[in-house]
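So the chains spell out like this:
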Amino acid sequence: MTAGQHTLRSLAGAAALIAVMAAGAATAQTFEITPGGDVLQGRPVAVRLTGVTPGRAVEISAERRFGRPEPMVWRSSAAFIADPQGEIDLTADPAMGGTYDGVDAAGLFWSMTPTPTPAPADWRTGEVRLTATVDGQVVATGATRLIGALPAVGTEEIPGFPAARLFRLPGGGPRPVIVVLHGADGGTGASDRFGRKLASLGYAVVGLPYYSPDWGAYGPPKEIAELPGSFIDIRIDQIAELRDWLRTQPGVDADRIALFGGSKGAEFALIAASKYDWITSVVAFAPSDLVWEGWGLETLEGEGLRSSFSHQGEPLPFMLYVGFLDGLLAGPGNADLLKIHEDGRAAHPDREAAARIRVEDYPGPVLLVAGDADREWRSGQMARNVAASRTAAGRETTLLIYPEAGHDVGGDGWAPTAGEVARGGGSARANAHAQADAWPKVLDFLERSLGTDER
C-alpha cells in the first residue's frame, strides 16, 4: 500500500467514525412515552428519557396550550440527574427542583403555569410537548396528547332542559346514565369538563345546567337566558323529570342513574338522593351536609332570606350565612366564604336539624371526596358528617379525605391545578395528588354501582 493509499484509507475510516458518532449523538437522548398516541386524560402516562450520560444533570420541560379564545402556552420544568444506566424515569426518579419536586409521574403535567406566549396555530388541543436540555442545549424532544374524550362521542340536546346535553358513544346500549351537576359557578362548565369524558367510558352522560348567574348591572351578561339567574329555590324535582325523559330514549337505561356533582352540585345530588330512592349511586366532591341559604339579585336588593333548593314547590329548610351580603359587596374574590359558612352555622345551631340533608334515607351507595384545606366551606368535616349519618344507618358509604387538599378535588390530576388554589385552598401539589388518587377510585365506584355498556 502506498503512502497515498494509506492516507486515503485513514481519511475514509475517520469519516466513517465521525458519521457513526454523529448518528449516535443524534439518537443518544430519546424520550420513550407510554402509552403512545392519544391518551384519555386521567390514564397514567409514563415518560422516560434514555441515552443520557450517567450522573448528568438534565432539565425536562413540558408545554401545553390552554385558554379561549386566545390560547396561550402553559409551561413546567424540573431538574433531574441521570441514573447509572443513563436514564431518567419520571415515574421513579425525583425532580431535584423546578415547578415541582420529588417523584411524581404527573408532576410536569399538573405543575404547569401560564406564560405570556401565544400558542402556535398548529398546536393541537391536549398536546404536551416535552424538551430535554443539557447545559442549555436541547438534546431531545417528544410529545404526548391528553384528549378529553374519544372523537366518536356524540352530543344531543335535551328538550325541555335548557342547555342540557346528552353525551354518548354511538351504538350499543342500553347505557347506564351519569348526571353531571355543576357547582356555584353555574353554566355548562362542569358538563363541558366531564360530559364527553365520562361518555368515552361507555356511559350515557347528561350535563344538566340548572343555574346561570345573572347579577344584572353588577356582573357579566347571563350565559343561559332560560335558566334561573339566582341560586334560589333550585328545583330538585327536575331530576325526576329528567328520568321521565330518559325512559323515552333508546339505548339508555333509565333504571341505572348516578348523580355526579361538586360543591353546590354535590349538595344538589345528596338532597336528590334523600328524596328519590331509585337513584342508583352518588359521587359527591367537596360536599355539604346541609341545605344552605340561597343568593341572587333578590337577596342583594334586600328581598329577604331564601333557600338554595326546593322540592315539590316548597323551599327546603336551610342554614343561614353570616356576612354573605358584605362579602358580595366587597367585590369578586374578596369574600371569605369559609368564614361566612362557619359563622352562619355557629350563629344558628337551632336551624341545623331542619337544614340537615337526610342522607341516611338514601339506600344506594355514596362516594364522598373532600379536602380538609377547603377555603370555600368545610367540606372535609361535612363529608365526615354525611358518612357518619349513613354509617349509623348501615348505608354503604366510601369516604375519601385528603388533609392538605382544598376545594378543587374533582379532577384527574393530569391538568394544571394552580388556578383554583387562591379561591379554593390547598396547594397545586396537594390538589393534584388528591385528584390523581381519587379519580380511579371514582371510576371504579361508578363501574361497580352502574356497570358499563360494551362500546
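Keep in mind the model is a prediction, meaning the values are calculated, not measured. (Residues numbered from 1 in each chain as written. Predicted model: local features only at pLDDT ≥ 70, side-chain atom pairs only at ≥ 80, totals over all residues. Heavy atoms only, no water.)

1. Quick word on the side chain of Ser379
Right, so step 1: Position of Ser379 among the secondary structure elements: in helix H10 (residues 379-392).
Right, so step 2: The class for Ser379 is buried, based on a relative accessible area of 0%.
Right, so step 3: Leave out the neighbours within four places in its chain, and Ser379 touches Ala286, Pro287, Ala370, Gly371 and Asp374. (Helix = DSSP H or I, 4+ residues; strand = E, 2+ residues; numbered from the N terminus. Buried < 20%, exposed > 50% of the residue type's maximum accessible area, 1.4 Å probe, protein only. Contact = heavy atoms within 4.5 Å.)

2. Some words on the sheet that holds strand E1 (residues 30-34)
Right, so step 1: Pairing in this open sheet of three strands is antiparallel, and the strands run E1-E3-E6 from one edge to the other. The open sheet terminates on both sides in strands that have one partner only, identified here as E1 and strand E6 (88-89).
Right, so step 2: Pairing between E1 and strand E3 (residues 46-50): five bridges, direction antiparallel. Looking at E3, one finds that Thr34 is bridged to Ala46. (Pairing = 2+ DSSP bridges.)

3. Regarding the packing of aromatic side chains
Right, so step 1: The tally for this structure, following the rule as stated, stands at 17 aromatic pairs.
Right, so step 2: On the numbers, 5.9 Å between centres and 45° between planes, the contact of Trp295 with Phe324 is tilted. Of this pair, Trp295 sits in the loop between strand E16 (281-285) and helix H6 (297-300) while Phe324 sits in helix H7 (residues 324-329), and the two are 29 residues apart along the sequence.
Right, so step 3: Centroid distance Tyr321 to Phe324: 4.8 Å. Interplanar angle 25°. Geometry classified as stacked. (Phe/Tyr/Trp six-rings, centres within 6.5 Å; stacked < 30°, edge-to-face > 60°.)

4. Here we look at the confidence of the model for the protein
Right, so step 1: Residues with a pLDDT of 70 or more make up 91% of the protein, whose mean pLDDT is 91.
Right, so step 2: Note on residues 1-27: pLDDT under 50 across the span, and two contacts to partners over four residues away in sequence or across chains. (pLDDT = per-residue confidence, 0-100.)

5. Comments concerning the pairing of E3
Right, so step 1: Bridging between E3 and E6 involves two bridges; their strand directions are antiparallel. Opposite Arg48, over in E6, you have Asp89 as the bridge partner.

6. Some details on helix H3 (residues 189-199)
Right, so step 1: All of the buried residues along H3 are Ala190, Ser191, Phe194, Gly195, Lys197, Leu198 and Ala199.
Right, so step 2: Buried residues along H3 sit against strand E2 (38-40), strand E11 (165-168), strand E12 (175-181), strand E13 (204-207), strand E15 (252-262) and helix H12 (428-450).

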